[in-house]
Amino acid sequence: MEYSSKSIETKWQKYWQEHKSFEPSEDFSREKKYILSMFPFPSGRLHMGHVRNYTLSDAFARYYRQQNFNVLHPIGFDSFGMPAENAAIKNGSHPKSWTYDNIDYMKNEFASLGFSFSKERELATSDELYTKFEQGFIIDMYEKGLLYRKKGMLNWCPHDLTVLANEQVVDGCCWRCDTPIVKKDMNQYYFKITEYADELLADLDKLESGWPKQVLTMQENWIGKSNGLAFDLYFDDTSKTKLSSNFESFDVFTTRPDTIYGVSYTALAPEHAIVSYMIENKLLSSDVVAQIEAMKNSSSIERQKEKSGVALGLDVIHPLTGEKIPVWVANFVLMDYGSGAVMAVPAHDERDFDFAKKYDLPIKAVIKPFDGELNPEAAYTEVGELFGSSEFDGLNSKEAQAKIIAHFQAQNIGKKTTNYKLKDWGVSRQRYWGAPIPFIHCEECGLVMEKKENLPVALPSDVEITGEGNPLEKHPTWKHCKCPKCGKDAVRETDTMDTFVESSWYFLRFCASKTNWEKEAFSAEQIKYWMGVDHYIGGIEHAILHLLYARFFTKVFRDLGYLEFDEPFERLLTQGMVLKDGAKMSKSKGNTVDPDALIEKYGADTARLFILFAAPPTQELEWNDSAVEGAYKFIKRFHDRAFTHLYATDVIPSIDHTTLNKEEKFARKKVYEALARANEVYNERYTFNTMIAGVMEAMNALNAQSNKDVWTEAYWIMASIMEPVIPHVAWEISEQFFGRKNLAPQAVIDEVFEEDSITLGVSINGKRRTEIEVAADASNEEIILIAKEAGAKWLEGMSIVKEIVVPKKLVNIVVKG
RNA sequence: GCCUGCGUGGUGGAAUGGUAGACACGACGGAUUCAAAAUCCGUUAUCUUCGGAUGUGGCGGUUCAAGUCCGCCCGCAGGUACCA
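Residues numbered from 1 in each chain as written. Chains lettered and ligands numbered in written order. Predicted model: local features only at pLDDT ≥ 70, side-chain atom pairs only at ≥ 80, totals over all residues. Heavy atoms only, no water.

Digging into the sheet that holds strand E33 (residues 799–806)
So, point 1. The mixed open sheet is built from four strands, whose spatial order is E32-E31-E34-E33. The sheet terminates laterally at strand E32 (767–775) and E33, the two strands that pair on one side only. Adjacent strand axes in the sheet meet at a mean angle of 20°, parallel and antiparallel pairs treated alike.
So, point 2. As defined by bridge partners, strand E31 (residues 757–764) adjoins E32 across eight bridges and the pair is classed as antiparallel. (Pairing = 2+ DSSP bridges. Helix = DSSP H or I, 4+ residues; strand = E, 2+ residues; numbered from the N terminus. Axes fitted to C-alpha atoms, helices over the stretch in contact; angles between N-to-C directions.)

See below:
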């Protein structure tokens, strides 16, 4: 029987569909596994990153089904978002039809890859039913005080009269019309994620056993909790007069109060209120104003790279020394961290140092290393001993920090403060293709929530997407409505929501079954059974934003009484990207590989096998056409040899190991080694590449013998191990020979690993010189004796210092002479 | 700029502090074939005076032992709050 991917794959895909093989059971007494891969944006076609993502989750889902778990492995589409509007601008397509056409196409691609998704829970976040429940949650959050309005700076194109995403700003200009963008202060909605900053930070501990350390560290740094001193810097009299006494002082925050005697200038963010006041009141030269405007309009990343600044011609008084300190504006000072102002200590901070060097500002060192000299050509940012700091001289940094904070508190001129880098989450978008924020502006009543029974507030379909203005704002009728409170004429909010809102709760929606799909987002009972997600799999690019927002929503939902746990994702697997020719696959680079073409030529099993074999999941994966060919050849061999060497049976053959010859024993050992490795891979390591290599080794060993019992036993196990990877061919073999009885848990037997003798490496001074063969039960003394004989050549004239035996590995003899 | 990773043969990678290069691709040699494809078997880190020497981005350190742990440097990638 020749291997034909097409006939086997069509057969089993049809079977799975007809038998609804992958729908989870509603029997909540069974043990469950919730396997989730991050759902895709429906960009049109699957790319290899998707194939990798869903092949991984599918492998887990299929493995746990074999282990008799009740498995939920759902799929949906994160279908709101900017690309649908970009396509509309480019091709005149409607975002909705563009999106749903793409979804239809991608669903077929999923099916052709043999992914074992539960189809009955499929959803698109742009479905009105999804929007309805989401808008309900938004209203709940507003009522709980977790959603509020404030001004925020946005990229504005003065030509197209539209807000631009960061991605749509190319070299400081609009992507469509090339007009230089400006920052515009506009009313925005924000989630109060900062209220949960401490809990989001503390609960990272609960994730330690299941999440990669890398992601935990990234989130910890992103939240960026730091303790320090906040105090006011007061202007001198001349400066106060300049400001017409509108400002007396400004607030600064430092994590290094021990360096306070080293302050030699202070810097404000370009957006700081004092700076704005000076611009408005023409207190700055036009040249200075132009420099400040340029700082404001450049991106935050640019502002951190090339430091620039300008003096304001103001001075403040040092709170402890009474010295005059100049006030500057600096581009690297950010308005949304701390108070938008910093005290600068160039001797002990890199950024302050670079800035001081560039503008020739004084550098005053006040900390020296506990041992060694202070280098005047660099900032010394470590802790050390204070000098030039009056009464605090001689203290170490840690003591000085506590004492200086205490001094400020006692004098009532400053206080101990905690700051976070984490900012509140801006959720409003001035775009069409998103979930409308279900609020109404009434002249009488102010901001009013839409009534829940009127949800969803749905998008109008008759819109023109041009890239100019805000489509909902421009729509002739959509925004006009009656106030739900007083009944008078009112207008709807025309902002829609950030698409991260949809992806912050979709994993909860998947817990709902068809029985309550229409009437509620999910039931408490369903959530309790299915959550948390046992394996969550997705790209490392989501390490911070998506995963932090989903954690935040979970905690908010808990506090709203919808669920009873703190964290949504038990175990997280972050996959690396798929590269070709050393670069990320992308249309613009023209280095994409189309999954459809691959499936057409080799079949889904080959695509899946290659992608799992080529690299461990967390690592970047380099595409290689000839290695794909190799994967295909392996599957063909795997299939064809089954049909030449096996007999049919519905129980695993029982074999008397002692009667076997050397090759047969070795083959069995390799098979059970592969099984032991597979168990480890599925449960702990997730390195499918090594699991597959183990099966290949077993195949090579099997090939050196011809015992049909050994072959049949091997396939009983190997088809089970490989089913999650190459399900179609595995089901075919299982069906043909084992009545599919082997797709079940497999037990490792120990007798195949028993050996009479073992080989050990012999090292002299850590350098491998030779090897020895010893009895498996030889004592260390015997082993050392044999090792010394074998290594006599290198031991001549040397005196032995130490002898180390590493069981079953090697002997190291340390000599000198 | 900042935060987080990664760097091993011609290539993808293995090695859970203990014999570096498993497994695979490619290449080379052979078998089969009228011939080719397919298939099967074998060789394959580098240098070598054939004794051995060198070797995991670079420099240094810890250890009996380092690809693995620590420090600094170089290169690449992801994130950087309106791409998802």
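That was the structure; now back to the text.
Describing the packing of aromatic side chains
So, point 1. Summed over the entire model, instances satisfying the criterion amount to 67 aromatic pairs.
So, point 2. On the numbers, 6.2 Å between centres and 70° between planes, the contact of Trp425 with Phe552 is edge-to-face. Here Trp425, found in strand E19 (residues 425–426), pairs with Phe552, found in helix H17 (residues 545–559); they are 127 residues apart in sequence, far enough to count as distant.
So, point 3. Accessibility expressed as a relative area gives 2% for Trp425, which makes it buried.
So, point 4. Judged by its relative accessible area of 0%, Phe552 is buried.
So, point 5. Note on Tyr506 and Phe510: the rings are 5.6 Å apart at their centroids and 75° apart in plane angle, and the pair reads as edge-to-face. (Phe/Tyr/Trp six-rings, centres within 6.5 Å; stacked < 30°, edge-to-face > 60°. Buried < 20%, exposed > 50% of the residue type's maximum accessible area, 1.4 Å probe, protein only.)

Notes on the packing of helix H22 (residues 688–702) against helix H23 (residues 708–722)
So, point 1. At their nearest, the axes of H22 and H23 sit 11 Å apart, and the two run at 165° to each other. As far as their axial angle goes, H23 and H22 are roughly antiparallel. For the crossing formed where H22 meets H23, the hand is left-handed. Listed contacts from H23 to Met691, Ile692, Val695, Ala698, Met699 and Leu702 of H22 are Val710, Trp711, Ala714, Tyr715, Met718, Ile721 and Met722.
So, point 2. Residue classes in the contact of H22 with H23 are distributed as 13 nonpolar, no polar and no charged. (Parallel < 35°, antiparallel > 145°, perpendicular 65-115°, else oblique. Left-handed = near helix turned anticlockwise from the far one by under 90°. Contact = heavy atoms within 4.5 Å. Nonpolar A, V, L, I, M, F, W, Y, C, P; charged D, E, K, R; others polar.)

Quick look at the domain arrangement of chain A
So, point 1. Partitioning chain A into structural domains gives domain 1 (5–125 + 500–580), domain 2 (136–192 + 425–497), domain 3 (226–419) and domain 4 (755–816).
So, point 2. Here domain 2 and domain 3 have C-alpha centroids that lie 38 Å from each other.
So, point 3. Taken residue by residue, the interface counts four residues in domain 2 and four residues in domain 3.
So, point 4. Carbon and sulfur atoms supply 57% of the area that domain 2 and domain 3 bury against each other, a total of about 280 Å² over both sides.
So, point 5. Contact with domain 3 buries area across many residues of domain 2, yet Met153, Ile181 and Lys183 alone supply 88% of it, more than any other trio.
So, point 6. Our count for the domain 2 to domain 3 interface comes out at zero salt bridges. (Domains from an automatic or database assignment. Buried area = accessible area lost by both parts, 1.4 Å probe. Salt bridge = Lys/Arg side-chain N within 4 Å of Asp/Glu carboxyl O.)

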